[in-house]
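Residue-level structural notes
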Amino acid sequence: MTDELETQDAPAILRWASREHPKLGFATGLGVEGCVLLDLAAKEGVALDVFTLDTGLLFPETYALWRRLEARYGITIRAVTPPVTVEEQAARHGDALWARDPDACCKIRKVEPLAAAVAAAGFTAWISAIRRDQTPERANARVVERDAKFGLVKVNPLVRWTSTDVWRHVLANDVPYNPLHDQGFPSIGCAPCTTAVAPGEDPRAGRWRGTAKTECGIHLPVVRS
Ligand code: SF4
C-alpha cells in the first residue's frame, strides 16, 4: 500500500495516515510547508497532535504566526520546551553555544526534547513537511518511511511538492504564513542560526550559515524501503 501512496496527492496521503495511525503526531517548525499541512489537515478533517519545538530562540514573527494558526484552524499547537532555559544553558555551556557547537545546542534544545515528547505522546506515526527538493539529504525521501531515530512511521505528504506548489496553495487558500518569508527567509529556524538569503542562493543557505550543518538532526536518519 505504501508504494501506491507514492503517486497519491497530499490529502489522500493524510487521510491514509489518519486511518492507519489514529494517534498521529505532527512536529512543525511553523515553516510555510507546515502551514500548508495544517490547512490540508483542517480541510480533510484529519486530527493531528500538533506541537512545535519552542527553543526560546524563535523569531517574534514565528511566535505571532503560532497564535494566528491556532486561531485560524481552531487548534492547539503544543509547545515542547528544552529542559533548560537559554540562560541556564549559557551558565552551563557558555554564551551562544549555537555559534560554537550548533550540534550540541540542537541536541539540547531540539533533538532530546523532541524524543521525550514523542515517547510521552505514544503515537506510532508522525507527519513531516519535508520536500525532496529542499536538500540533497531529502532528495530520496519517500512518502512513507521508517524513522529509525524515533521508532516511528514517518509520513511525508508534501515530498513531491515543489516550492511553487507550496506557494500556489498558500495564496489560493489564504493560508497564514511567516512574514519573514517575504523578507528573504525561505527557511526559518531559530533566530541566531537563520539569516536571509540572497537571490539565487540555495533556499536553506541561511540556516547555520558559515557551517557545514544543514539539518538540526530531527529528520535523519530514516530507513527507506
Ligand atoms: S537552530 Fe541554533 S539556536 Fe536553535 S537549537 Fe539549533 S543551534 Fe540552537
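Refer to the structure presented above.
The model shown is predicted, which means the values in this text are computed figures rather than measured ones. (Residues numbered from 1 in each chain as written. Predicted model: local features only at pLDDT ≥ 70, side-chain atom pairs only at ≥ 80, totals over all residues. Heavy atoms only, no water.)

1. Points about the packing of helix α2 (residues 10-20) against helix α3 (residues 32-44)
What counts is decided by this rule: Think of each axis as a best-fit line through the C-alpha atoms, taken over the contacting stretch in the case of a helix, with angles from 0 to 180 degrees between the N-to-C directions. Under the DSSP-based scheme used, a helix requires at least four consecutive residues in state H or I and a strand at least two consecutive residues in state E, with every element numbered from the N terminus. Oblique is the label for any angle not under 35 degrees, not over 145, and not in the 65 to 115 range, which are roughly parallel, roughly antiparallel and roughly perpendicular in turn. Less than a right angle of anticlockwise turn of the near helix away from the far helix marks a crossing as left-handed, whereas a clockwise turn marks it as right-handed. Note on contacts: a residue pair is in contact if any heavy atoms of the two residues lie within 4.5 Å.
Look at α2 against α3: their axes get within 10 Å of each other, and the N-to-C directions meet at 70°. In terms of axis orientation, α2 runs roughly perpendicular to α3. Where α2 crosses over α3, the two elements pack in a sense that is right-handed. Of α3, the residues touching α2 (which contributes Ala10, Pro11, Leu14 and Arg15) are Leu37, Leu40, Ala41 and Glu44.

2. Quick notes on the sheet that holds strand β6 (residues 152-155)
Note the cut-off: Strands are labelled as partners when DSSP assigns at least two bridges between them.
Taken in spatial order, the six strands line up as β3-β2-β1-β4-β6-β5 in an open sheet, and their pairing is mixed. The sheet terminates laterally at β3 (78-80) and β5 (144-147), the two strands that pair on one side only. If you compare each strand with its neighbour and ignore which way they point, the axes differ by 35° on average. Pairing geometry for strand β1 (residues 24-27) and strand β4 (residues 125-127), over three bridges, is parallel. Bridge pairing in β4 links Phe26 to Ile127. Where α2 meets the sheet, it contacts β1, β4, β5 and β6, and its direction lies at approximately 160° from that of β6.

3. Topic: the site of the ligand
Just so we agree on the cut-off: Throughout this document, a residue counts as near a molecule or strand when at least one of its heavy atoms sits within 4 Å of that molecule or strand. Each residue is assigned to one of three groups, with Ala, Val, Leu, Ile, Met, Phe, Trp, Tyr, Cys and Pro labelled nonpolar, Asp, Glu, Lys and Arg labelled charged, and all others, Gly among them, labelled polar.
In the region of the ligand, the neighbouring residues are Leu57, Trp98, Pro102, Cys105, Cys106, Arg109, Lys110, Cys190, Cys193 and Trp208. Top contributing element to the shell around the ligand by residue count: helix α7 (residues 102-121), with five residues. Here the shell around the ligand is composed, by residue class, of eight nonpolar, no polar and two charged.

4. Section: the pairing of strand β2 (residues 49-53)
Stated formally: Burial status follows relative accessibility: with a 1.4 Å probe on protein chains alone, a residue under 20% of its type maximum counts as buried, one over 50% as exposed, and anything between as partly exposed. Classification remark: right-handed applies to a crossover when, strands pointing away from the viewer, the course from the first strand over the helix to the second runs clockwise.
Here β2 lies mainly inside the structure; five of its five residues are buried. Here β2 shows a buried face lined by Asp49, Phe51 and Leu53 and a second buried face lined by Val50 and Thr52. In this sheet, β2 lies alongside β1 in parallel orientation, the contact comprising three bridges. Looking across to β2, one finds that Phe26 is bridged to Val50. In this view, the connection linking β1 to its parallel neighbour β2 by way of α3 has right-handed handedness. Inspection of the sheet shows β2 paired to β3 by three bridges, in the parallel sense. Residue pairing in the sheet places Leu53 in a bridge with Val80 of β3. For the handedness criterion, the β-α-β arrangement of β2, helix α4 (residues 60-73) and β3 is classed as right-handed.

5. Describing unusual backbone geometry
Trans peptide bonds make up most of the peptide bonds, and negative phi angles are found at most residues other than glycine. Backbone geometry at Leu30 places phi at a positive 65°, although glycine is not the residue there. With respect to the helices and strands, Leu30 occurs in the loop between β1 and α3. Taking the relative accessible area as the measure of exposure, Leu30 reaches 2% and is therefore buried. At Trp208, a position not held by glycine, the phi torsion is positive, near 50°. Position of Trp208 relative to the elements: it lies in the segment after α8 (163-173). The exposure class of Trp208 is buried, given its relative accessible area of 6%.

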